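Chain residues, written in single-letter form:
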Amino acid sequence: MDLIRKEQKREMGELMKGFVDSTLDFYENMGTQNVAREADDETIHRLKSRGIPAKGRPVKEVFEEMERDVYANQSLVQHPRCFACVPSPVSLFSWMGDIMTNAYDPHAGSWLNASGAGCIEQETIRWMCGLAGYPETAGGLFVSGGSMANLTALTAARDAKLTYADRELGVAYVSDQTHSSVAKGLHIIGFRPDQVRSIPSDSAFRMKIPELRAAIEADLRAGKKPFAVIATAGTTNTGSIDPLEEIAGICENFSLWMHVDGAYGASVLVSNTHRGLLKGVERSDSLSWDAHKWLMQTYGCSAVLVRDPRYLARTFAVHPEYLKDASAGEGEANFWDLGPELTRPARSLKLWITLQIMGSDAMSDMIDHGYKLAETAEKALRRLPDWEIISPAAQAVINFRYAPAGLSDRALDELNQKISRELCAGGFAQVLTTELNGKKVLRICALNPATTREDMLETVKLLDDCAREAVGRMSA
Ligand SMILES: *Cc1c(COP(=O)(O)O)cnc(C)c1O
């Protein structure tokens with residue numbers, strides 16, 4: 001059956017050649033574009049009424065429709081002035097790796113299917129484990145994101161520490177700053193909400209150690225089975241790093257699994273200057289690490305590292321008859337035995353390609369640049385009247401709010417929400433809000449190597465303009 005006509009193949013070839021150049025331009029000129037681009041009602045209506053045609057449409061028509069109606073309508077998380085959530089600046093080398101990997105489409109579930117990709121995945125994981133200070137025997141695999149990395153590690157933790165009968169008594173410990181994906185993961189693997197203890201954090205948003213110890217002891221006295229503590233290296237809200245050494249000590253004491261959620265902050269390990277901030281991570285049992293956040297990868301690139309990968313195999317390895325021909329030999333890895341997926345894309349290749357071309361020193365400089373950007377914002381804000389720093393620059397994140405005297409807490413919450421909305425509507429930069437200590441605050445996460453000091457200073461100036469205008473309107 002000839003599914004593609006010669007003419008279509010020729011047309012597609014032409015389009016894709018032009019596509020490479022136009023996407024390179026898209027990345028090159030990112031900073032000149034509006035940071036938040038949303039589809040209008042007409043576009044959504046057009047897309048919804050399209051349906052699936054019984055007879056196909058011309059290649060060029062579909063290509064152009066996708067460019068215009070779909071890809072043009074997305075927030076530019078790679079934009080140098082996207083400071084919302086955790087932005088995802090993309091290295092063009094990752095873009096290249098992504099296109100190459102998708103084009104060849106290796107099945108990275110088993111060594112038999114893709115030994116080259118499997119070997120690169122092992123080597124990339126080995127490099128990451130080395131940075132984490134794990135032993136040579138450590139391992140892990142790539143998954144789609146931090147949520148899946150946390151889920152994978154927590155499943156191994158459950159099986160390492162609890163018998164089937166003990167599961168309903170198990171207790172896991174998080175902090176009030178732990179990412180929601182941890183509670184979601186624990187729910188997916190069968191734990192009730194009352195089996196997850198949220199330990200309060202201190203004024204620097206780090207898990208309080210005496211409270212953690214007291215909670216574990218109280219649970220033991222009540223006949224429960226504490227099994228895991230989830231520490232965070234780089235919380236999403238403030239970039240704070242939990243006291244890893246103390247948590248490791250507690251986990252060793254009570255024989256608990258120590259998982260570190262480094263989805264955001266594990267990338268600090270690549271920085272030659274800042275790596276020491278994660279001291280203690282080498283004592284953990286597992287670590288989540290998103291490369292699609294601070295290592296400039298396109299989406300779907302995250303690693304879960306485990307001190308002893310036999311725990312992954314124990315949880316995830318199954319050997320049905322139709323996979324027997326693909327059993328792995330000495331030194332080979334079948335990644336389908338280490339995580340929930342069977343068929344899986346080769347997610348590590350683009351990161352490997354990026355690192356091969358850039359070198360780890362350039363990656364280190366890139367991480368340090370994020371630190372400097374947040375510090376620049378902090379200094380600029382401290383010079384302006386009526387701005388309050390809620391959490392100082394840490395791991396490229398800073399939280400602050402406009403707080404002129406004489407306004408109620410509620411009015412301040414509304415005011416800061418308004419400032420964010422006004423700034424975003426301008427299209428120059430994107431700054432969103434979060435909540436800390438019950439207050440609505442503005443948050444900047446600045447990890448894009450293309451962001452300049454001037455970008456940051458201009459953004460702070462615009463925030464200040466929006467703030468004064470909003471207050472002016474309130475009193476008018
Ligand atoms: C982003 C983030 C996650 C979730 O990662 P995804 O890749 O979005 O699934 C988990 N934990 C922390 C600390 C994060 O910042």
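Residues numbered from 1 in each chain as written. Predicted model: local features only at pLDDT ≥ 70, side-chain atom pairs only at ≥ 80, totals over all residues. Heavy atoms only, no water.

Around the ligand, a shell composed of 14 residues is seen, among which Gly146, Ser147, Asp261, Asp290 and Lys293 lie nearest. Relative to its unbound accessible surface of 380 Å², the ligand loses 85% to contact with the protein. Secondary structure elements with two or more residues in the shell around the ligand: helix H6 (146-161) and helix H10 (291-294). Among the elements that line the shell around the ligand, the one with the most residues is H6, at three residues. The residue makeup of the shell around the ligand, split by class, is two nonpolar, nine polar and three charged. (Near = heavy atom within 4 Å. Areas by Shrake-Rupley, 256 points an atom, 1.4 Å probe, with all protein chains shown as cover. Helix = DSSP H or I, 4+ residues; strand = E, 2+ residues; numbered from the N terminus. Nonpolar A, V, L, I, M, F, W, Y, C, P; charged D, E, K, R; others polar.)

A few words now on the pattern of salt bridges. Using the criterion set out here, one finds 36 salt bridges in the structure. Among the salt bridges present, the one from Glu7 reaches Arg10, with a minimum N-O distance of 3.1 Å. Of this pair, Glu7 and Arg10 both sit in helix H1 (residues 6-28), separated by three residues, roughly a single helical turn. A salt bridge links Lys17 to Glu14; the shortest N-O distance between them is 3.7 Å. Here Glu14 and Lys17 lie together in helix H1, a separation of three residues that amounts to about one turn. Judged by relative accessible area, Lys17 falls into the exposed class, the value being 55%. Through salt bridges that share partners, Glu245, Glu252, Lys279, Glu282 and Arg283 make up one connected network. (Salt bridge = Lys/Arg side-chain N within 4 Å of Asp/Glu carboxyl O. Buried < 20%, exposed > 50% of the residue type's maximum accessible area, 1.4 Å probe, protein only.)

Here the focus is the UniProt feature "modified residue: N6-(pyridoxal phosphate)lysine" (unreviewed entry) in the protein. Taking the numbering used here, the UniProt-annotated feature "modified residue: N6-(pyridoxal phosphate)lysine" (unreviewed entry) corresponds to Lys293. By secondary structure assignment, the location of Lys293 is in helix H10. If we skip the residues at most four places from it in the chain, Lys293 touches Val86, Pro87, Ser88, Pro89, Ala263, Tyr264 and Leu447. Polar side-chain contacts of Lys293 include one of 3.4 Å to the side chain of Asp290. (UniProt positions renumbered as here; feature names shortened; annotations may be inferred. Contact = heavy atoms within 4.5 Å. Polar contact = N/O pair within 3.5 Å; in protein donor to acceptor, adjacent residues only side chain to side chain.)

This part is about the packing of aromatic side chains. In the structure shown here, the tally under the stated rule is eight aromatic pairs. The interplanar angle of 75 degrees and the centroid separation of 5.3 Å between the aromatic rings of Phe26 and Tyr27 together place this pair among those described as edge-to-face. Looking at Phe26, the relative accessible area reads 22%, which means it is partly exposed. Seen in terms of ring centroids, Trp294 and Tyr371 are 5.9 Å apart; in terms of plane orientation they differ by 25 degrees. Their pairing is stacked. Here Trp294 is found in helix H10, whereas its partner Tyr371 is found in helix H13 (residues 360-383), with 77 residues between them in sequence. Accessibility classification places Trp294 together with Tyr371 in one group, the buried group. A connected cluster of aromatic rings, assembled from ring pairs, spans Tyr264, Trp294 and Tyr371. (Phe/Tyr/Trp six-rings, centres within 6.5 Å; stacked < 30°, edge-to-face > 60°.)

Moving on, we come to the sheet that holds strand S3 (residues 196-199). Either a parallel or an antiparallel arrangement is found when strands of a sheet pair, and the pairing is made through backbone hydrogen bonds. Spatial ordering of the open sheet is given by S1-S7-S6-S5-S4-S2-S3, a layout of seven strands whose pairing is mixed. Of all the strands in the sheet, just strand S1 (139-143) and S3 have a single pairing partner and so form its edges. Pairs of neighbouring strands in the sheet enclose a mean axial angle of 20 degrees, with direction left out of account. Where strand S2 (residues 170-175) lies against strand S4 (residues 225-232), four bridges are found, and the strand directions are parallel. Counterpart to Gly170 in the pairing with S4 is Lys225. Lying on the sheet, H6 is in contact with S1, S4, strand S5 (257-261), strand S6 (286-290) and strand S7 (302-306); it crosses S5 at an angle near 175 degrees. (Pairing = 2+ DSSP bridges. Axes fitted to C-alpha atoms, helices over the stretch in contact; angles between N-to-C directions.)

We now examine the sheet that holds strand S11 (residues 439-445). With antiparallel pairing, the four strands of this open sheet are ordered in space as S8-S9-S11-S10. Lying at the two open borders of the sheet, with one neighbouring strand each, are strand S8 (387-394) and strand S10 (432-436). On average, each strand axis in the sheet is tilted by 35 degrees relative to the strand beside it, whichever way the strands run. The sheet strands contacting H13 are S8 and strand S9 (397-402), and the helix crosses S8 at an angle near 160 degrees. Sitting on the sheet, helix H14 (residues 409-426) touches S8, S9, S10 and S11, and the angle it makes with S9 is about 115 degrees.

Right, let's get into the environment of His319. The topology assignment puts His319 in the loop between helix H11 (310-316) and helix H12 (349-358). Judged by relative accessible area, His319 falls into the exposed class, the value being 57%. Residues His319 and Ala362, 43 residues apart in the sequence, show an inter-C-alpha distance of 42 Å. Not counting the four nearest positions on each side in its chain, His319 is found in contact with Lys324 and Asp337.

Our next topic: the pairing of S6. Burial of S6 is extensive: five of the five residues sit out of reach of the surface. Side chains Ser286, Ser288 and Asp290 project from S6 onto one buried face, and the interleaved Leu287 and Trp289 project onto a second face that is buried too. In this structure, S5 lies alongside S6, joined through three bridges in parallel fashion. The residue of S6 that forms the bridge with His259 is Ser286. When S6 meets S7, the two strands line up antiparallel, connected through five bridges. Looking at S7, one finds that Ser288 is bridged to Val304.

By size, the foremost hydrophobic cluster in this structure holds 54 residues, and its most contacted members are Leu212, Val229, Ile247, Leu287, Trp289, Trp294 and Leu305. Of the residues forming this core, the biggest block, five residues, is contributed by helix H9 (residues 244-254). When residues no more than four places from it in sequence are discounted, the contact partners of Leu305 are Ile125, Met128, Cys129, Tyr134, Gly139, Gly140, Asp285, Ser286, Leu287 and Trp289. (Core = buried A, V, L, I, M, F, W, Y, C linked by side-chain atoms within 4.5 Å.)

What follows concerns the layout of surface pockets. When its volume is computed, the largest pocket comes out at roughly 920 Å³. If you list the elements that add at least two residues to the lining of the largest pocket, you get H1, helix H3 (59-71) and helix H4 (92-104). Sort the elements by how many residues they give to the lining of the largest pocket and H1 lands first, with seven residues. When grouped by side-chain class, the residues that make up the lining of the largest pocket number 15 nonpolar, nine polar and three charged. In this model, the second largest pocket occupies a volume close to 440 Å³. Listed by contribution, the elements that provide at least two residues to the lining of the second largest pocket are helix H5 (115-132) and S1. Ranked by residues supplied to the lining of the second largest pocket, first place goes to H5 with three residues. (1 Å grid on protein atoms, 1.4 Å probe; cavity = no way out; pocket = protein on both sides within 12 Å on 5 of 7 lines; lining within 4 Å. Points joined across faces, edges and corners; volume = space filled by probe spheres on them.)

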